[in-house]
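# What the coordinates show
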Amino acid sequence: MGERYVETAYSNGYEFTQGSGYELPEYPFRAPPEIAAGAPSHHPIVIVGGGITGLTLACALAQYGVPAVLLDEDNTVGVKGASSRGICYTQKSLEIFERLGIYPRIASKGIQWSVGRTFAGNDEVYSFDLKQQSGYNLSSQPPFINIQQFYIEGYLVERIYELGHVELRWKNRVTAFRQDEECATLTVSTPAGDYELRADYVIDATGSHSPFRKWVGAAVTAKQGDDRWCIADVRFTKKPPVERHTWIEAPFNENRAVWQHLMGDNVWRIDYQMAPDSDPAEVSREDVVRERLTRQFGEDAGVEIVWVGPYAYRSECVDRMRHGRVFLMGDSAKVVSPFGARGGNTGIADADNLAWKLAAVMQGLASPQLLESYNEERHEAARQNVLVTNRTARFLRPATPVEKLFRDAALSLARQHLFARQFVNTGRMAVANPYSSSSACDRTGGLSVQNVAFEWPDGSTGRVNDLLRWADGRLLVLLFGDAAPASLERLRSLADTAPLRCVQVLGPEDSPRAAEYVRDPKGHLQGACHVFGHAWALVRPDSYVAATGESIDAKLVHAVGQALGAALEEAE
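Residues numbered from 1 in each chain as written. Predicted model: local features only at pLDDT ≥ 70, side-chain atom pairs only at ≥ 80, totals over all residues. Heavy atoms only, no water.

## Topic: the side chain of His245
Within the secondary structure, His245 is located in strand S13 (residues 244-250). Note on His245: relative accessible area 9%, which makes it buried. At 2.8 Å, the side chain of His245 forms a polar contact with the side chain of Glu243. Aside from chain neighbours lying at most four places away, what touches His245 is Arg117, Phe119, Val258, Trp259 and Gln260. (Helix = DSSP H or I, 4+ residues; strand = E, 2+ residues; numbered from the N terminus. Buried < 20%, exposed > 50% of the residue type's maximum accessible area, 1.4 Å probe, protein only. Polar contact = N/O pair within 3.5 Å; in protein donor to acceptor, adjacent residues only side chain to side chain. Contact = heavy atoms within 4.5 Å.)

Spelled out as structure tokens, the structure:
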């Protein structure tokens, strides 16, 4: 039976991928107990795919104390032959990783950056400093950190082993699937033989070549791009600046686009746009890559090539991200071009969104109906990210003469006028997507809450993630300002009957009326919750606002029920 297992091919989901140069950890294969038992086992949750999306979900479930099994067809992180992959992680992702306990390692290994510069030819036509923008500068995490994706995946694996609850099964490839009213059944192939596994819920995090799309009959809207790129991961003796530099028309690359980022280990990621008909083997030959690097950085740059890999991309989005017992996430659900860091980061957000909902349902804190909101919220985000990245791709490689005319005009104006720089589109940086049509959010909710700081009663500093960890998978009510005794009593009564934690948020001089309170002297916490004055905000475990209001009344009761997937009885 074991002879049927075929080792994983060298691929990363892009076309034309090859290369080498990174050493990755390998995890031990252990024969699944179902093979010796000769019978399938049943698990509440099975995650298929151990990339950054599947591992984020597994780590979040482990932190909530929810048992699950993760199956990965390989025995390492990253991807064989293409292990550099994603590099740019957004503030929202970093806030999620802080909550999961791996952020300090990411911050230590990765490179923080906030300044981006865009050039057309030799002219700088656009620049920004994200630290100066109000949308970024209040969180305890920076706007971005650049780090090779396999590092984050490795940190997640180690954290999962530390937390327990989730079983990681390496070299377990799913080869068949079926589902009915009772359960989902997976057929799994391993070096020790084949077996079956049953599950209440299956999470597909297998990537852009997901077999589950076909198995569940998911319709896919797809657009194949003809853009060709070549990555060079490089160390330099003469180092470039720690900024994101983008050339729309790089004179050293035949007037095609170029990206330049610094990652961990003093490695720069240089992305070169190639001719549409370029030969991937030719453009990634070492002598060709060295010549290209010399044209950009000069003979004295001191180049050490770490890894090279050509790639192409496509745009895809499934019709739904839930099909029966199966939830699609990450690249299984949508594939976007890499401009604006909307690929891996949205997969991380998919995982964070589904994790707390699965945990709440498994622990009897929420109705199973809540799980439907995963599709409502994350499919809206997927459609938006596909739209935004497609616009960028067409700016970088215009598809028609009219689009080329628009781009040339935008660049010409941007060279001379500040107002025109907003038309230069080299990637709209990923932000936390809003949820405008979710059944789990009131019309006043659906916005992300940054991991801002406040003061504990003893004057020490706390952060939003501290409150979410304290709430431990329950909803969090933040009551800003003073409140009447009757309102506090209604809040206590609601907390006694619902999975809810309540905190009063006070100004520097206010007197507390609730047992649990914090102070918000600068108003950052209130601003992060998108409310003003005397108000309340209902915050979900994924740090999104479910609803806001002014009075502790039936609206809050309804909002709690809505956020849990079912209306609650109004408290007397």
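## Comments concerning the nonpolar core
Grouped together as the largest cluster of nonpolar side chains are 102 residues, with contacts concentrated most on Leu186 and Leu538. Not counting chain neighbours up to four residues away, the residues in contact with Leu186 comprise Val46, Val48, Leu71, Val174, Ala176, Phe177, Tyr195, Glu196, Leu197, Val202 and Phe212. Residues Ala232, Leu262, Leu293 and Val308 belong to the second largest nonpolar core, which totals 21 residues. (Core = buried A, V, L, I, M, F, W, Y, C linked by side-chain atoms within 4.5 Å.)

## What to know about the environment of Gly481
Inspection of the secondary structure assignment puts Gly481 in the loop between strand S22 (475-480) and helix H13 (485-497). Taking the C-alpha atoms as reference points, Gly481 and Pro512, separated by 31 residues in sequence, lie 9.0 Å from one another. Apart from residues lying up to four places away in sequence, Gly481 is in contact with Gln504, Val505, Leu506 and His534.

## Considerations on the packing of helix H3 (residues 91-100) against helix H9 (residues 344-362)
At their nearest, the axes of H3 and H9 sit 9 Å apart, and the two run at 45 degrees to each other. The pairing of H3 with H9 is recorded here as oblique in orientation. At the point where H3 passes H9, the crossing takes the left-handed sense. From H3, Ser93, Ile96, Phe97 and Arg99 reach across to H9, where they touch Asn345, Ile348, Ala349 and Asp352. Residue composition of the contact of H3 with H9, grouped by class: four nonpolar, two polar and two charged. (Axes fitted to C-alpha atoms, helices over the stretch in contact; angles between N-to-C directions. Parallel < 35°, antiparallel > 145°, perpendicular 65-115°, else oblique. Left-handed = near helix turned anticlockwise from the far one by under 90°. Nonpolar A, V, L, I, M, F, W, Y, C, P; charged D, E, K, R; others polar.)

## So, the sheet that holds strand S7 (residues 144-146)
Paired through backbone hydrogen bonds, the strands of a sheet run either parallel or antiparallel to each other. Read from one edge of the open sheet, three strands run S3-S7-S4, paired in antiparallel fashion. Unpaired on one side and paired on the other, strand S3 (88-90) and strand S4 (111-113) mark the two borders of the sheet. Neighbour-to-neighbour, the strand axes of this sheet turn through a mean angle of 30 degrees, independent of strand direction. Where S3 meets S7, three bridges bridge the pair, whose relative direction is antiparallel. When the bridges of S7 are listed, Thr90 appears paired with Phe144. (Pairing = 2+ DSSP bridges.)

## Re the packing of H3 against helix H12 (residues 464-471)
In contact at an axis separation of 10 Å, H3 and H12 are set at 45 degrees when each is read in the N-to-C sense. Between H3 and H12, the interaxial angle falls into the category oblique. By crossing handedness, the relation of H3 to H12 is classed as right-handed. Residues Glu95, Glu98 and Arg99 of H3 pack against Asn465, Leu468 and Arg469 of H12. A per-class count over the contact of H3 with H12 returns one nonpolar, one polar and four charged.

## Overview of the pattern of salt bridges
For side chains of opposite charge, pairing can occur when their charged atoms come near one another. Scanning the model with the defined rule gives 30 salt bridges in all. Its salt-bridge partner being Arg322, residue Glu372 comes within 3.6 Å of it at the nearest N-O pair. In this pair, Glu372 sits in helix H10 (residues 372-396) while Arg322 sits in strand S17 (residues 322-323), placing the two residues 50 residues apart along the sequence. The exposure class of Glu372 is buried, given its relative accessible area of 19%. Judged by its relative accessible area of 16%, Arg322 falls in the buried class. Three or more residues are tied together by salt bridges with common partners; here these are Lys357, Glu377, Arg540 and Asp542. (Salt bridge = Lys/Arg side-chain N within 4 Å of Asp/Glu carboxyl O.)

## Re helix H15 (residues 554-563)
The α-helix winds at 3.6 residues per turn, so residues separated by three or four positions along the chain end up facing the same way. Most of H15 is tucked away: seven of the 10 residues are buried. Buried within H15 we find Leu556, Val557, Ala559, Val560, Gly561, Gln562 and Ala563. Looking at the buried side of H15, the elements it contacts are H9, S22, H13, strand S23 (500-506), strand S25 (535-539) and strand S26 (545-549). Of the residues that open H15, the one with a side-chain oxygen 3.0 Å from the backbone nitrogen of Lys555 is Asp553. Taken from the residues just after H15, Gly565 is the one with a positive phi, measuring 90 degrees.

## Some thoughts on the packing of aromatic side chains
All chains considered together, the criterion is met by 16 aromatic pairs. Considering the side-chain rings of Phe212 and Trp215, the 4.9 Å spacing of their centres and the 80 degrees angle between planes classify their relative orientation as edge-to-face. Within this pair, Phe212 and its partner Trp215 are both found in helix H6 (residues 212-216), separated by three residues, close to a single helical turn. You can call Trp215 partly exposed: its relative accessible area is 30%. Through a chain of ring-to-ring contacts, the aromatic side chains of Phe119, Trp247 and Phe252 assemble into a single cluster. One Lys or Arg, Arg292, reaches over the ring of Tyr272 and ends 5.4 Å from the middle of that ring. (Phe/Tyr/Trp six-rings, centres within 6.5 Å; stacked < 30°, edge-to-face > 60°. Lys NZ or Arg CZ within 6 Å of the ring centre and 35° of its normal.)

Scope: geometric values only; no functional claims are made or implied.
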